[in-house]
Amino acid sequence: HDQIHHKWFWATHTAGKRKWSLIAVTAKENLVTEMFSEDFRRFFDEVDPSFITDVKAIAMDMNASYHLLVKKYLPEAKIVYDRYHMQAQYGKEVLGAVRLEEARKHKVQSAQMKAQLPKAAVEERKALQAEIRKEKHQYSVMKNLRWTLLTNGDKLSTTQAEHLTAILNAHSSLAICYAMKEE
């Protein structure tokens, strides 16, 4: 059974005892149009309720408006968030937070060493200044690492991959989060 609506396509299919349904956004002028929450709500208002009573799960992005509409119109359906949006959220909220915490540690370490400079002996000062420069450099590297971390590992150049490996070897908490992202 197929129905064409304004911006979406609804299809149900029965194969033996199994029945599945699909809601898809249709193309408009060869471009896929985005289904906004108002369109999504209108879909539920216009579709015959008997077509959606047996929906077991719905896959969607992490839009809060969509979530509320699904809960309202399909309260028994399980919501499955798509992998792309889950990874994007993970990259932003988890991987990003850990990266910034690691950067902050380098900044704090640099400040602590800088505070020791006035008390340090002359020969010790040069070594401290070199370590301060190293910590400041590491801070900068961590702050600028965002896009490298978010890029799929198999898409990195050899140089980028080697650079990332060196950083991950020096930052175990970041390495764990990165490994989880790549899984």
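The rules behind these values
- Residues numbered from 1 in each chain as written.
- Predicted model: local features only at pLDDT ≥ 70, side-chain atom pairs only at ≥ 80, totals over all residues.
- Heavy atoms only, no water.
- Helix = DSSP H or I, 4+ residues; strand = E, 2+ residues; numbered from the N terminus.
- Buried < 20%, exposed > 50% of the residue type's maximum accessible area, 1.4 Å probe, protein only.
- Contact = heavy atoms within 4.5 Å.
- Areas by Shrake-Rupley, 256 points an atom, 1.4 Å probe, with all protein chains shown as cover.
- Core = buried A, V, L, I, M, F, W, Y, C linked by side-chain atoms within 4.5 Å.
- Arc of directions from axis to C-beta.
- Salt bridge = Lys/Arg side-chain N within 4 Å of Asp/Glu carboxyl O.
- pLDDT = per-residue confidence, 0-100.
- Pairing = 2+ DSSP bridges.
- Right-handed = clockwise from strand over helix to strand, strands pointing away.
- Axes fitted to C-alpha atoms, helices over the stretch in contact; angles between N-to-C directions.
- Parallel < 35°, antiparallel > 145°, perpendicular 65-115°, else oblique.
- Nonpolar A, V, L, I, M, F, W, Y, C, P; charged D, E, K, R; others polar.

With that out of the way, let us pick up the overall build of the protein chain. Of the regular secondary structure elements, the protein chain holds seven helices and seven strands. The N-to-C order of helical and strand elements in the protein chain reads β-β-β-β-β-α-β-α-β-α-α-α-α-α. When the 183 residues of the protein chain are sorted by exposure, 28% land in the buried category. Considering only contacts in the protein chain between residues 6 or more positions apart, those separated by 24 or more positions represent 48%. Accessible area of the protein chain: about 12600 Å², with a carbon and sulfur share of 55%.

Right, let's get into the nonpolar core. Formed by 15 residues in total, the largest nonpolar core has its most connected members in Leu145, Leu149, Leu164, Leu174 and Tyr178. Every element with two or more residues in this core is listed here: helix H3 (83–116), helix H4 (122–143), helix H6 (158–170) and helix H7 (172–182). Residues contacting Leu174, with those up to four places away along its chain left out, are Leu95, Val98, Arg99, Glu102, Met142, Leu145, Leu149, Ile167 and Leu168.

In this section: H7. For H7, the set of buried residues is Leu174, Cys177, Tyr178 and Lys181. Looking straight down H7, one finds that the buried residues subtend no more than 100° of arc, so they occupy a single side. Turned more than 90 degrees from where H7 packs its buried face, Ser172 and Ile176 sit exposed. On its buried face, H7 sits against H3, H4, helix H5 (146–150) and H6.

Let us now look at the pattern of salt bridges. Throughout the structure, instances matching the rule amount to three salt bridges. For Glu101, the salt bridge identified is with Arg104, shortest N-O distance 2.7 Å. Linking Glu101 with Arg104, this pair stays in helix H3, spanning three residues, or about one helical turn. Residue classification places Glu101 among the partly exposed residues on the basis of a relative accessible area of 31%. You can call Arg104 partly exposed: its relative accessible area is 41%. Note that Glu102 is salt-bridged to Lys105, the shortest N-O span being 3.2 Å.

This next bit is on the side chain of His171. Looking at the secondary structure, you find His171 in the loop between H6 and H7. For His171, a relative accessible area of 3% gives the class buried. Those residues in contact with His171, other than ones at most four positions away along the chain, are Glu102, His106, Gln138 and Met142.

So, about the confidence of the model for the protein chain. Mean pLDDT over the protein chain works out to 80, with 78% of the residues at or above the 70 mark. Predicted confidence for residues 1–9 stays below pLDDT 50, and this span has 34 contacts to residues more than four positions away or in other chains. Of the regions scoring below 50 in pLDDT, residues 25–35 engages in 19 contacts with residues more than four places distant in sequence or in other chains.

Moving on, we get to the pairing of strand S6 (residues 57–60). Taking every second residue as pointing to the same face, the buried face of S6 carries Ile58 and Met60, while none of Ala57 and Ala59 on the other face is buried. In terms of strand pairing, S6 meets strand S7 (residues 78–81) through four bridges, oriented parallel. By the bridge assignment for S7, Met60 is matched with Tyr81. Since S6 and S7 lie parallel, the crossover through helix H2 (residues 64–73) that links them has a hand, and here it is right-handed.

Within an α-helix, residues lying three or four positions from one another point in the same direction, as the helix has 3.6 residues per turn. Along H2, the residues classified as buried are Tyr66, Leu69 and Val70. Angular distribution of buried residues about the axis of H2 spans 100°; they occupy a single face of the element. Seen from the buried face of H2, the exposed residues on the opposite side, beyond 90 degrees, are Ala64, Leu68 and Lys72.

With that out of the way, let us pick up the packing of H6 against H7. In contact at an axis separation of 5 Å, H6 and H7 are set at 120° when each is read in the N-to-C sense. Comparing their axes, H7 and H6 come out oblique. Across the interface between the two elements, Leu164, Ile167, Leu168 and Ala170 from H6 touch Ser172, Leu174, Ala175 and Tyr178 from H7. Among the residues making up the contact of H6 with H7, the classes are represented as seven nonpolar, one polar and no charged.

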